[in-house]
Amino acid sequence: MNLYDIIIIGAGPAGTSAAILAAKKGYKVALLDKAVFPRDKICGDQVILNALEILVNEGVDIAPLLQQAIMVGCLQYNINLQSFSFDLNQSPIKSLSCKREVFDHFLFKEAQKSGAECYEGVKDLAINDQQDHYVMEFLCGSKTTRLEATYIIGADGATSFIRRNYFKHVQLKTAIATRSYVQYNGVKDFMRCYCFREIENGGYFWIFPVDETTANCGVILFTDGWKNHFKSLNEV
């Protein structure tokens, strides 16, 4: 019987970190994700050092991760400002700039090293509540897998399976976002944000450094306020 203390659904930074910490404390952990790693993810790609310190304190060697990332100043901003930028070298707060494809894959492998049993490419997930535990069935490849656990952690993002099945009453604030990597020399020395103050509930466009010659350019708009100003996402 595949009996676990904890099953974690979602292998992004939250799910993998939970798996690492729980497995290192002796819990039997299963970690599930619909994607196959490495995989890309829309994000600003910035990780504050306080988050990395949690992993380091649990014995995770982040040296391989640092070889694929750069250290920059962390942007502090007021959303009411229309636009702003400043020299990152003057920032007292530092962050790690690392593509999510790299960062998430690193954490996924660390979860495996810590003892978590990891399942990728999960499809057709179903959960049955028992009196004192949960029974979970899903497809992994062409194989149907059945797991049981005392606890379940839902770390599966905006379209969370756990939220849709157990917390239907929770109203979420939604957003849309997209991102592209652009070649640009000298981008490491600054961050820029442009806030859409004229759009209901707002949003912003960002330019963040990825490495010496690459910028992460993206946009996020909250709720459906953008529909009052643009005909389509392509126009945005």
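On a predicted model such as this, the values are computed, not experimentally measured, just so you know.

Chemist: Account for the environment of Ser160, naming residues and giving values.
Modeler: On the secondary structure map, Ser160 appears in the loop between strand 10 (143-154) and helix 5 (161-166). Given a relative accessible area of 7%, Ser160 falls into the buried group. For the pair Ser160 and Ile9, spaced 151 residues apart in sequence, the C-alpha separation works out to 8.8 Å. Of note is the side chain of Ser160, whose polar atom sits 3.2 Å from the backbone nitrogen of Ile162. Separated by 3.0 Å, the side chain of Ser160 and the backbone nitrogen of Arg163 make a polar contact.

Chemist: Explain the pairing of strand 9 (residues 134-140) to me, and be specific about the residues and the numbers.
Modeler: Pairing between strand 8 (residues 122-129) and strand 9: 6 bridges, direction antiparallel. The residue of strand 9 that forms the bridge with Ala126 is Glu137. The loop that links strand 8 with its antiparallel partner strand 9 comprises 4 residues. Bridge analysis of strand 9 against strand 10 gives 7 bridges, and the strand direction is antiparallel. Each bridged residue has a counterpart across the sheet, and for Tyr134 the counterpart in strand 10 is Ala149. Between strand 9 and strand 10, which pair antiparallel one after the other, the connecting turn spans 2 residues, and Gly141 there sits at a positive phi close to 75 degrees.

Chemist: Go over unusual backbone geometry with me, naming the residues and quoting the values.
Modeler: Of note, the bond from Phe37 into Pro38 is cis; its omega dihedral lies within 30 degrees of zero at 0 degrees. Looking at the element boundaries, Pro38 is found in the loop between strand 2 (29-32) and strand 3 (46-48). We note that Asp45 has phi near 70 degrees; this positive angle belongs to a residue other than glycine. Although it is not a glycine, Asp124 sits at a positive phi angle of roughly 55 degrees.

Chemist: Now, about the layout of surface pockets: what can you tell me, with residues and values included?
Modeler: Within this model, the largest pocket holds a volume of roughly 1200 Å³. What lines the largest pocket is a set of 45 residues, among which Lys41, Ile42, Arg100, Gly157 and Ala158 lie closest to the centre. Looking at the lining of the largest pocket, the elements that each hand over two or more residues are strand 3, strand 8, helix 5, strand 11 (175-183) and strand 13 (203-211). By residue number, the principal contributor to the lining of the largest pocket is strand 8, which donates 4 residues. Per-class residue counts for the lining of the largest pocket are 26 nonpolar, 9 polar and 10 charged. Of the pockets and cavities examined, the second largest pocket occupies roughly 150 Å³. Forming the boundary of the second largest pocket are 14 residues, of which Pro13, Val47, Ala51, Phe103 and Leu107 lie nearest the centre. At the level of elements, helix 1 (13-24), strand 3, helix 2 (49-57) and helix 4 (100-114) are the ones that each hand at least two residues to the lining of the second largest pocket.

Analysis parameters
Residues numbered from 1 in each chain as written. Predicted model: local features only at pLDDT ≥ 70, side-chain atom pairs only at ≥ 80, totals over all residues. Heavy atoms only, no water. Helix = DSSP H or I, 4+ residues; strand = E, 2+ residues; numbered from the N terminus. Buried < 20%, exposed > 50% of the residue type's maximum accessible area, 1.4 Å probe, protein only. Polar contact = N/O pair within 3.5 Å; in protein donor to acceptor, adjacent residues only side chain to side chain. Pairing = 2+ DSSP bridges. 1 Å grid on protein atoms, 1.4 Å probe; cavity = no way out; pocket = protein on both sides within 12 Å on 5 of 7 lines; lining within 4 Å. Points joined across faces, edges and corners; volume = space filled by probe spheres on them. Nonpolar A, V, L, I, M, F, W, Y, C, P; charged D, E, K, R; others polar.

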